[in-house]
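Below are the chains, spelled out letter by letter.
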There are 2 protein chains.
Amino acid sequence: DARAWTGWGSAGREASKGGRRPAGRALPIERTRGSEILFGVAPCSMALSQARRDLFRLFLKRSGGPQRAVSSELVLQAAARGVPVLHVGRRELDALCGGRVHQGVCLEATPLCFKRLEEAEEPGLENGESPNRRLLWLVLEQIQDPMNLGALLRSAYFLGVDRVVTSRRNSCPLTPTVSKASSGAMEVFDVYSTDDLRSFLKAKAAEGWEVVGTVSQFETVENVPVISCLEFRWNKPIILVIGSEGDGLSLETQLLCHQMLVIPSGRALHPGIESLNVSVATGILLHSICSQKLRHGD
Amino acid sequence: DARAWTGWGSAGREASKGGRRPAGRALPIERTRGSEILFGVAPCSMALSQARRDLFRLFLKRSGGPQRAVSSELVLQAAARGVPVLHVGRRELDALCGGRVHQGVCLEATPLCFKRLEEAEEPGLENGESPNRRLLWLVLEQIQDPMNLGALLRSAYFLGVDRVVTSRRNSCPLTPTVSKASSGAMEVFDVYSTDDLRSFLKAKAAEGWEVVGTVSQFETVENVPVISCLEFRWNKPIILVIGSEGDGLSLETQLLCHQMLVIPSGRALHPGIESLNVSVATGILLHSICSQKLRHGD
């Protein structure tokens, strides 16, 4: 049997009409083993539009859920994919997604995994591609907060990052919370991971890529030059490496960087408030780099 | 009596040693009426360093809390302000701040309020200030999410925004969650509010300020020109107006803008994933504007 009991909810219309359930409880919704519950309009809609997950059931709030146009579109998407649609109450949706902000929509689906770098077709700078093609990869070292990971994926997707690679160790997996924080970008954008970030960065450097790290202030980092992001020039394929909110990049990774970028602050900062949120800082750095591409019309 | 019973916690050392309490419960901590509980190292440390709140008690985790250096600094700060320090257990801290991420520190304090614009000393462009002094104010229309508000304040502070003004109606107040999301910036940076955003923007426009809005795509907004943020030139004092995550700027506010800025995307976007997180987008726009100041060495 592939089903397991989980949560408290009532599947289908019939359960919540009579009002004979004990208050605060609903009949449990059976979940397909190994499935997870996506929540929110964007993640569910994007997952329905892609063929990257197996989809089991779409749960829509019976009344007062998403706007009619949004609901209709989700039902049409589900029909096209052959996914059953169940209309349930708010309490059932709350139970399904653990009380998160579901906007009246949940989707039962198989999880998404990181892609392994070995699975990627190499963009191969050597294979006759124009040397002017400027590539930008974003490498995330030990980002553990799902809200930050989601926001980073959303920014990377929007701003045109060619590939995102995470360190597998100590990184947040691709959970439904990450998908929600990414506003669904996680559903359409591949995320790679590596078990050995150090070897990966060394290999890319040997191929001619520039490895660029970040620090929050003009502090000295061994022999790695630290420059303002406004002075950075994008002349060859870049890997931008971002560290975790608390600790930043590991020293080991910093030593593999060719240079470190700083976002200059606009005022004298109070000690202890000397940095930006990691997803804001990354958005600024990516935009600052990519705006060179846009300005040059590449 | 100025104290009220609230939460479940145990004040002082004695309560949690004997282990005779029923599991899962601790003695309640009395709270000063009208106080709130700040949580996290940065908000508590910044609040201790400023004279903007009345402070009642600092709560530190008895063991395994912040690093010793951080703890010592907090205790010294509290002593300097005459604030009693209580060493309590994790469960007590959890109860005090409603289970949020307290990092082993809570601080009982009076709330912070928005400042009214009338309280502000006008920077007065007319009062003999250099006309080359480029001012940047950030106006937030109906930002309701405390995490977004906090991240926006942190970015505004870091990047050198001269003043932040929120619409009082439908905006998130300056709660401890906002302070945490701002990494303490809310404790050192004044936040103003207005009951009448429309009149405020009209008055500033009449004074010669440029009112700049934002849209997520190159859509037409009545007769307001829409340009890429890369093309924007900072020639006079600016008000950058940001709308809420879901709905963006109200039409009423859009019509008061002289121009609208767009962050260009770096790829063809999937329908439904056509925007950035509001705090990331604002960080990019502020940095893009401020980088002109830095480039010109103003």
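Here, the structure is the one placed above.
Quantities reported herein were computed from a predicted structural model and do not represent experimental measurements. (Residues numbered from 1 in each chain as written. Chains lettered and ligands numbered in written order. Predicted model: local features only at pLDDT ≥ 70, side-chain atom pairs only at ≥ 80, totals over all residues. Heavy atoms only, no water.)

Peer 1: How do you make sense of the overall build of chain A when you look at a structure like this?
Peer 2: Counting its secondary structure elements, chain A contains 9 helices and 14 strands. By sequence separation, contacts in chain A at least 24 residues apart represent 84% of the contacts at least 6 residues apart. Accessible surface computed for chain A: about 13400 Å², of which carbon and sulfur atoms make up 49%. (Helix = DSSP H or I, 4+ residues; strand = E, 2+ residues; numbered from the N terminus. Contact = heavy atoms within 4.5 Å. Areas by Shrake-Rupley, 256 points an atom, 1.4 Å probe, with all protein chains shown as cover.)

Peer 1: What exactly am I supposed to notice about the interface of chain B and chain A here?
Peer 2: The accessible area lost on association of the parts is a frequent measure of interface size. The interface is formed by 45 residues belonging to chain B together with 45 residues belonging to chain A. A buried area of about 3600 Å², summed over both sides, lies between chain B and chain A, and 64% of it is on carbon and sulfur atoms. One can count 0 salt bridges joining chain B with chain A. Applying the counting criterion to the chain B and chain A interface returns 15 residue pairs in polar contact (both at pLDDT 80 or more). Going through the elements one at a time, helix 1 (41-49), helix 4 (146-159), helix 6 (185-188) and helix 9 (278-296) of chain B are the ones with two or more residues in the side of chain B that touches chain A. With 9 residues, the single largest contributor to the side of chain B that touches chain A is helix 9 of chain B. (Buried area = accessible area lost by both parts, 1.4 Å probe. Salt bridge = Lys/Arg side-chain N within 4 Å of Asp/Glu carboxyl O. Polar contact = N/O pair within 3.5 Å; in protein donor to acceptor, adjacent residues only side chain to side chain.)

Peer 1: Explain the side chain of Ser182 of chain B here, please?
Peer 2: Locating Ser182 of chain B in the fold gives a position in the loop between helix 5 (176-181) and helix 6. Ser182 of chain B sits in the buried class, given a relative accessible area of 0%. Ignoring anything within four residues of it in the chain, the contact list for Ser182 of chain B reads Ile273 of chain A together with Gly150, Leu153 and Arg154 of chain B. (Buried < 20%, exposed > 50% of the residue type's maximum accessible area, 1.4 Å probe, protein only.)

Peer 1: Even after reading the chapter, I still don't get the relation of the copies chain B and chain A, so can you show me in this structure?
Peer 2: For the pair of chain copies, the relating operation is a rotation around an axis with a shift along it. Each copy of the sequence occupies a distinct position, and chain B is placed on chain A by a rotation of 180° and an axial shift of 0.0 Å, giving an RMSD of 0.0 Å. The transformation just described matches what one would write down for a two-fold rotation axis. In this assembly, 100% of the residues forming the interface of chain B have copies in chain A that are likewise at the interface, indicating an isologous arrangement. (Least-squares fit on C-alpha atoms with pLDDT ≥ 70 in both.)

Peer 1: What is the right way to look at the pattern of salt bridges in this model?
Peer 2: Oppositely charged side chains can form a pair if their charged atoms are brought close together. Residue and element names in this part refer to chain A. Overall, the coordinates contain 20 salt bridges over all chains when judged by the stated rule. Linking Glu36 and Arg53 is a salt bridge whose minimum nitrogen-to-oxygen distance equals 2.8 Å. You can see Glu36 sitting in strand 3 (residues 36-39) and its partner Arg53 sitting in the loop between helix 1 (41-49) and strand 4 (55-61), a full 17 residues away along the chain. Judged by its relative accessible area of 14%, Glu36 falls in the buried class. Between Glu108 and Arg57 there is a salt bridge whose closest N-O contact spans 3.0 Å. In this pair, Glu108 is assigned in strand 6 (residues 105-109) and Arg57 in strand 4, connecting sequence segments 51 residues apart. Judged by relative accessible area, which is 10%, Arg57 ranks as buried. Where salt bridges share partners, they join Glu36, Arg53 and Glu187 into one cluster.

Peer 1: I would appreciate a short explanation of the sheet that holds strand 3 of chain A in the present structure.
Peer 2: Residues and elements named next belong to chain A. In space, the 4 strands of this open sheet follow the order 3-6-4-5, with mixed pairing throughout. This sheet does not close on itself; its edge strands, each paired only once, are strand 3 and strand 5 (85-88). Adjacent strand axes in the sheet meet at a mean angle of 25°, parallel and antiparallel pairs treated alike. Relative to strand 6, strand 3 runs antiparallel, the two being bridged by 4 bridges. Note that in strand 6 the partner of Ile37 across the bridge is Glu108. Sheet strands in contact with helix 1 are strand 3, strand 4 and strand 6, and its direction is about 40° off that of strand 6. The strands touched by helix 2 (residues 68-81) within the sheet are strand 4, strand 5 and strand 6, with strand 4 carrying the most contacts at an inclination of about 160°. (Pairing = 2+ DSSP bridges. Axes fitted to C-alpha atoms, helices over the stretch in contact; angles between N-to-C directions.)

Peer 1: Please explain the side chain of Ser45 of chain B as it appears in this structure.
Peer 2: Locating Ser45 of chain B in the fold gives a position in helix 1. Among all residues touching Ser45 of chain B, those that are not within four sequence positions of it are Leu74 and Gln77 of chain B.

Peer 1: Looking at this structure, how should I read the environment of Leu261 of chain A?
Peer 2: Looking at where Leu261 of chain A falls in the secondary structure, it is placed in strand 14 (residues 259-262). Sequence separation between Leu261 of chain A and Gln217 of chain A is 44 residues, and the spatial gap between their C-alpha atoms is 8.9 Å.

Peer 1: Is there a simple way to think about helix 1 of chain B in this case?
Peer 2: Every α-helix carries 3.6 residues per turn, so stepping three or four residues along brings you back to the same face. Residue and element names in this part refer to chain B. In terms of residue burial, helix 1 counts as a mostly covered element, since 7 of its 9 residues are buried. By the burial criterion, the buried members of helix 1 are Ala42, Pro43, Cys44, Ser45, Met46, Ala47 and Leu48. Here the buried face of helix 1 lies against strand 3 (36-39), strand 4 (55-61), helix 2 (68-81), strand 6 (105-109), helix 5 and helix 6.

Peer 1: Please clarify how helix 7 (residues 197-206) of chain B should be interpreted in this entry.
Peer 2: All names here are of chain B. What helix 7 keeps buried is the set Leu197, Phe200, Leu201 and Lys204. Down the axis of helix 7, the smallest arc covering the buried residues is 95°, so these residues share one side. Packed against the buried residues of helix 7 are strand 8 (136-140), strand 9 (163-167), strand 10 (191-194), strand 11 (210-214), strand 13 (238-242) and helix 8 (251-254). Downstream of helix 7 by a residue or two, Gly208 has a phi angle that is positive, lying close to 105°. (Arc of directions from axis to C-beta.)

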